[in-house]
Amino acid sequence: MTGSVPAVPRPLAAVLDGSTPPGVLSWPADRSVADALAAARDAGWSGAALDLEGTADKAEFMERCARSLRLPDWFGRNWDALADCLTDLSWCPADGGRLLVVTGWQGYASAVPDDWSIVEGVLADAVGYWRDKDTGLAVIMARGRARTGG
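Please read these numbers as outputs of a predicted model, since none were measured by experiment. (Residues numbered from 1 in each chain as written. Predicted model: local features only at pLDDT ≥ 70, side-chain atom pairs only at ≥ 80, totals over all residues. Heavy atoms only, no water.)

S.K.: Residue-level account of the sheet that holds strand E1 (residues 24–27), with values.
M.R.: What the four strands build is an open sheet, ordered E1-E4-E3-E2; its pairing is parallel. Each edge of the sheet is formed by a strand with only one pairing partner; in this case those strands are E1 and strand E2 (46–51). The mean inter-strand angle of the sheet, taken between neighbouring strand axes irrespective of direction, is 20°. The pairing of E1 with strand E4 (residues 137–142) spans four bridges and is classified as parallel. When the bridges of E4 are listed, Trp27 appears paired with Ala142. Packing of helix H6 (residues 113–130) onto the sheet brings it into contact with E1, strand E3 (98–103) and E4, and relative to E4 it is tilted by some 145°. (Pairing = 2+ DSSP bridges. Helix = DSSP H or I, 4+ residues; strand = E, 2+ residues; numbered from the N terminus. Axes fitted to C-alpha atoms, helices over the stretch in contact; angles between N-to-C directions. Contact = heavy atoms within 4.5 Å.)

Take a look at the structure:
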């Protein structure tokens with residue numbers, strides 16, 4: 001990483017430098033998620049942010065995923081299609097790994113806990129699928145409100 005990017009918490013730094021397999025990571029509430037995305041870019045990873053602030057149902061969740069992650073046209077806006085998109089990332093080529101930063105998720109998790117449980121499973125399964133590949137997938141679950149600035 002270059003000196004222009006603020007140091008990131010050790011769990012993410014270890015994933016980005018390859019010393020720890022990618023996983024689902026937490027992110028401090030007082031840190032901007034822009035730091036995580038910049039560190040990923042600096043390490044040769046691609047990154048995307050999924051802001052779920054104000055999301056109250058599955059339809060809105062799927063729409064946010066489609067828009068924020070730039071999912072392919074064949075994305076069917078259901079759980080199986082989301083799982084397929086996250087395990088077949090041919091539509092999202094990457095030289096290094098891929099980082100997905102999820103913000104504002106707590107309200108959605110509280111509003112529809114059964115759906116949120118499915119989301120957690122889909123993300124964990126996708127991370128596991130890519131764990132032993134050259135271009136891993138890491139997911140950050142940011143605590144607190146989305147902060148994209150420094």
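Let us keep going from here.
S.K.: Mind laying out the confidence of the model for the protein, listing which residues take part and the relevant values?
M.R.: Averaged over all residues, the pLDDT of the protein equals 89, while 91% of them reach at least 70. Summarising per-element confidence for the protein, the mean pLDDT is lowest in E1 (92) and highest in helix H3 (residues 58–68) (97). In the model, residues 1–5 has pLDDT below 50 throughout and makes nine contacts with residues more than four positions away in sequence or in other chains. (pLDDT = per-residue confidence, 0-100.)

S.K.: Could you give me a rundown of the environment of Asp125, with the residues and numbers involved?
M.R.: Its location among the elements puts Asp125 in helix H6. By relative accessible area, which is 57% here, Asp125 ends up exposed. Between the C-alpha atoms of Asp125 and Thr87, which are 38 residues apart in sequence, the distance is 8.5 Å. (Buried < 20%, exposed > 50% of the residue type's maximum accessible area, 1.4 Å probe, protein only.)

S.K.: Quick rundown of the packing of helix H4 (residues 79–87) against H6? Include the residues and the values.
M.R.: For the pair H4 and H6, the least separation of the axes is 9 Å and the interaxial angle reads 25°. With respect to each other, H4 and H6 are oriented roughly parallel. Read as a crossing pair, H4 and H6 show a hand that is right-handed. Where H4 abuts H6, its residues Trp79, Leu82, Ala83, Leu86 and Thr87 lie against Asp115, Ile118, Val119, Val122, Leu123, Ala126, Tyr129 and Trp130. Taken together, the residues of the contact of H4 with H6 break down into eleven nonpolar, one polar and one charged. (Parallel < 35°, antiparallel > 145°, perpendicular 65-115°, else oblique. Left-handed = near helix turned anticlockwise from the far one by under 90°. Nonpolar A, V, L, I, M, F, W, Y, C, P; charged D, E, K, R; others polar.)

S.K.: Which residues make up the nonpolar core, and what values do they have?
M.R.: Soluble globular proteins: nonpolar side chains tend toward being buried together. Phe61, Phe75, Leu82, Val102, Trp116 and Val139 are the most contacted members of the largest nonpolar core, which has 30 residues in total. When contributions to this core are tallied by element, the ones reaching two or more residues are H3, H4, E3, helix H5 (105–111), H6 and E4. Among the elements that make up this core, the one with the highest residue count is H6 (seven residues). With 18 residues, the next largest nonpolar core counts Leu12, Trp27, Leu99 and Ile140 among its residues. (Core = buried A, V, L, I, M, F, W, Y, C linked by side-chain atoms within 4.5 Å.)

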